Amino acid sequence: MNEGVRIDKYLWAIRAFKTRTEATDACKGGKIRVNGLDIKPSRNVQIGDLISVRKGAVSYTWKVLQLLEKRVGAQLVAQYAENLTPEEELMKLRAPVETFFLRRERGTGRPTKRDRRQMDELLGALDFYEEED
């Protein structure tokens, strides 16, 4: 196994993705980088490579310690990949999701132009108060 392991298979094996298809799609979508370079799913990783994975707002980083092709239990992942993800990236997972819902009566249909203006004014006022804090 001196030639390495496919990146999509490796990411699936260390449980970065639930399925190998998800790992492949992430590679094709430009969300995976190895040693700072965008890669294809067929790219082989070697021991010592740095893998960056962008999932949503968080960018995870792993260092390849050992190669493997078969999925392992979560407790064993640390033997194969060292998690180098900075703490500030992990804090993004714990950040509260600020959402605001405008309630409309059921069956009233789509908002009219006037309704939309009123909603925009309300949201603009909320943004104003958030900026003062």
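Note that the coordinates shown come from a computational prediction; the quantities given were computed from them, not determined experimentally.

A. Inspection of the packing of aromatic side chains at higher detail. One pass over the full model with this rule turns up one aromatic pair. Where Y60 meets W62, the ring centres are 5.7 Å apart and the plane angle is 15°; that geometry is what we call stacked. Its relative accessible area of 10% is what places W62 among the buried residues. Here the basic side chain of K55 rests over the ring of F17, its NZ or CZ set 4.8 Å away from the ring centre.

B. Highlighting the nonpolar core. In this structure, I7, Y10, L11, I14, I32 and I51 are the most contacted members of the largest nonpolar core, which totals 27 residues. When contributions to this core are tallied by element, the ones reaching two or more residues are α1 (7-13), α2 (20-28), β2 (32-34), β5 (50-55), β6 (58-64) and α3 (77-80).

C. Geometry of the pattern of salt bridges. Taken as a whole and assessed by the stated rule, the structure comprises five salt bridges. Put simply, D8 and R6 hold a salt bridge, and the shortest N to O gap is 3.1 Å. Across the salt bridge formed by D8 and R20, the nearest N and O atoms sit 3.5 Å from each other. Highlighted residues: D8 in helix α1 and R20 in helix α2, separated in sequence by 12 residues. Through salt bridges with shared partners, a single ionic network connects R6, D8 and R20.

D. The arrangement of the sheet that holds strand β7 (residues 81-83) in detail. Strands sit in the order β3-β2-β5-β6-β7 across an open sheet of five strands; the sheet is antiparallel. Of all strands in the sheet, those with a lone pairing partner are β3 (37-38) and β7, marking the two edges.

E. Layout of the side chain of T85. Take T85: it is sitting in the loop between β7 and α4 (87-94). Of the residues examined, T85 reaches a relative accessible area of 11% and is grouped as buried. Polar contacts involving the side chain of T85 include one to the main-chain amide nitrogen of T61, which spans 3.0 Å. Polar contacts involving the side chain of T85 include one to the side chain of N83, which spans 2.6 Å. In this view, T85 contacts S59, Y60, T61 and L90; residues no more than four positions away in its chain are not counted.

F. Quick look at the pairing of β5. Note: β2 against β5, three bridges, orientation antiparallel. Bridge pairing links I32 to V53 in β5. Sheet topology note: the β5/β6 ladder contains six bridges and is antiparallel. Note that in β6 the partner of I51 across the bridge is W62. Remark: two residues form the turn of the hairpin made by β5 and β6, two consecutive strands paired antiparallel; G56 in that turn has positive phi of roughly 65°.

G. Broad picture of unusual backbone geometry. Of note, the phi angle at R15 is positive, near 70°, even though the residue is not glycine. With respect to the element layout, R15 can be found in the loop between α1 and α2. A relative accessible area of 41% places R15 in the partly exposed class. For N35, which is not glycine, the phi dihedral falls at a positive 50°.

Rules and cut-offs
- Residues numbered from 1 in each chain as written.
- Predicted model: local features only at pLDDT ≥ 70, side-chain atom pairs only at ≥ 80, totals over all residues.
- Heavy atoms only, no water.
- Phe/Tyr/Trp six-rings, centres within 6.5 Å; stacked < 30°, edge-to-face > 60°.
- Buried < 20%, exposed > 50% of the residue type's maximum accessible area, 1.4 Å probe, protein only.
- Lys NZ or Arg CZ within 6 Å of the ring centre and 35° of its normal.
- Core = buried A, V, L, I, M, F, W, Y, C linked by side-chain atoms within 4.5 Å.
- Helix = DSSP H or I, 4+ residues; strand = E, 2+ residues; numbered from the N terminus.
- Salt bridge = Lys/Arg side-chain N within 4 Å of Asp/Glu carboxyl O.
- Pairing = 2+ DSSP bridges.
- Polar contact = N/O pair within 3.5 Å; in protein donor to acceptor, adjacent residues only side chain to side chain.
- Contact = heavy atoms within 4.5 Å.

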